[in-house]
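Each chain is listed here by its residues.
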Amino acid sequence: MTEDTRKPRTFRSSQDRRAEIIEAAFRCLQEVGYARLTARKIAEHSHISLGHITYHFKDMNEVLVETYRYASRILLDATFQDLSRSSKTPIEQLKAFLGTGFSPAFLKRDYLRVRIDLWSAALSHEEIALTERELYERYRASLIEILEKVREERRGRAADVTLLADTIMATLDGLWLDWERRHDDGAMRNGLDGCIRLVNAVMPAD
């Protein structure tokens, strides 16, 4: 009897398949951008048949929504890891929180392209816009949590937390776009330092 030397077939769960497709979509966005993204290109990158993509996702909007979640989760996970390693003082936690998004890994052109492309997609796709808003609110809530710790330590006013959160979030969005335009390390550091100075000015330490 001839021994069967074929490798045993590997079965992947639906969740694993979806994860593979989302990762492939992320790579495609990095290379070709949102405007040229198609299910066929994703299939080529993932070595998964086109049929698998249409089976696991109802349409390309769903693929983009999940890809947005994936790209944002990379940043959020890194942010919380940096927070866990930072000093326990609230102001140092704030510096770590703000700095993660502007570390080299997140300033690479391919990651920035994905983020900016998905922002653009949110303007015309309601599902993507809702997802972007959800992730924005999660990030903002984490920022507010840290600012509340600063306020408690420095006996600041509750209203100041909202003022600072609104200003810092707008500043961070502007810094991302400014970096994409100028790639100026000094301007980026000035922007982040300005956020900390603003916190110290509004809620000064005793």
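Here, every reference points to the structure presented above.
Everything numeric in this text was worked out from a predicted model, so none of it was measured.

Draft legend 1. Quick peek at the overall build of the chain. Counting secondary structure elements, the chain contains ten helices and zero strands. Starting at the N terminus, the α and β elements of the chain follow one another as α-α-α-α-α-α-α-α-α-α. Projecting the C-alpha coordinates of the chain onto the three principal axes gives extents of approximately 85 × 40 × 30 Å. Buried residues in the chain amount to 42% of all 206 residues. The long-range fraction of contacts in the chain, counting pairs at least 24 apart against all pairs at least 6 apart in sequence, stands at 70%. For the chain, the computed accessible surface area is about 12,000 Å², with 50% contributed by carbon and sulfur atoms.

Draft legend 2. Just the side chain of threonine 100, in detail. Tracing the chain through its elements places threonine 100 in helix α5 (residues 90-100). Contact partners of threonine 100, with chain neighbours within four places excluded, come to Leu75, Ala78, Thr79, Asp82 and Phe106.

Draft legend 3. Geometry of the pattern of salt bridges. Overall, the coordinates contain 16 salt bridges when judged by the stated rule. Note that glutamate 66 and arginine 69 form a salt bridge whose closest N and O atoms lie 3.8 Å from each other. One end of the pair, glutamate 66, and the other, arginine 69, are both in helix α4 (residues 60-85), three residues apart, so they sit about a helical turn from each other. Under the relative-accessibility criterion, glutamate 66 is labelled partly exposed at 22%. Given a relative accessible area of 25%, arginine 69 falls into the partly exposed group. Across the pair arginine 182 and aspartate 178 runs a salt bridge whose closest N-O atoms are separated by 3.0 Å. Within this pair, arginine 182 and its partner aspartate 178 are both found in helix α9 (residues 158-182), separated by four residues, close to a single helical turn. Look at arginine 182 and you get partly exposed, because its relative accessible area is 46%.

Draft legend 4. Seen up close, the packing of aromatic side chains. For the coordinates displayed, the defined rule picks out six aromatic pairs. Taken together, a centroid distance of 5.2 Å and an interplanar angle of 70° make the contact between phenylalanine 26 and tyrosine 70 edge-to-face. Placement of phenylalanine 26 in helix α1 (residues 14-32) and of tyrosine 70 in helix α4 is noted, with a sequence separation of 44 residues between them. Look at phenylalanine 26 and you get buried, because its relative accessible area is 8%. According to the relative accessible area criterion, tyrosine 70 is buried, its value standing at 19%. Judged by centre distance (4.7 Å) and plane angle (35°), the ring pair of phenylalanine 97 and tyrosine 139 falls under tilted. Here tyrosine 139 lies in helix α8 (residues 126-154) and phenylalanine 97 lies in helix α5, a separation of 42 residues in the sequence.

Draft legend 5. Highlighting the packing of α1 against helix α7 (residues 109-122). Two elements in contact, α1 and α7, have axes whose closest approach is 8 Å; the angle formed by their N-to-C orientations is 95°. Here α1 is positioned roughly perpendicular relative to α7, judged by the angle of their axes. The residues of α7 that touch α1, namely those facing Phe26, Leu29, Gln30, Glu31 and Val32, are Asp110, Tyr111, Arg113, Val114, Asp117 and Leu118. Taken together, the residues of the contact of α1 with α7 sort by class into six nonpolar, one polar and four charged.

Draft legend 6. Expanded view of the packing of α4 against α8. In contact at an axis separation of 9 Å, α4 and α8 are set at 10° when each is read in the N-to-C sense. By the criterion of interaxial angle, the relationship of α4 to α8 is roughly parallel. Between α4 and α8, the residues in contact are Asn61, Leu64, Val65, Tyr68, Arg69, Ser72, Leu76, Thr79, Phe80 and Leu83 and Glu127, Ile128, Thr131, Glu132, Glu134, Leu135, Arg138, Tyr139, Ser142 and Ile146, respectively.

The rules behind these values
Residues numbered from 1 in each chain as written. Predicted model: local features only at pLDDT ≥ 70, side-chain atom pairs only at ≥ 80, totals over all residues. Heavy atoms only, no water. Helix = DSSP H or I, 4+ residues; strand = E, 2+ residues; numbered from the N terminus. Buried < 20%, exposed > 50% of the residue type's maximum accessible area, 1.4 Å probe, protein only. Contact = heavy atoms within 4.5 Å. Areas by Shrake-Rupley, 256 points an atom, 1.4 Å probe, with all protein chains shown as cover. Salt bridge = Lys/Arg side-chain N within 4 Å of Asp/Glu carboxyl O. Phe/Tyr/Trp six-rings, centres within 6.5 Å; stacked < 30°, edge-to-face > 60°. Axes fitted to C-alpha atoms, helices over the stretch in contact; angles between N-to-C directions. Parallel < 35°, antiparallel > 145°, perpendicular 65-115°, else oblique. Nonpolar A, V, L, I, M, F, W, Y, C, P; charged D, E, K, R; others polar.

Function cannot be inferred from these measures alone, as they are strictly geometric.
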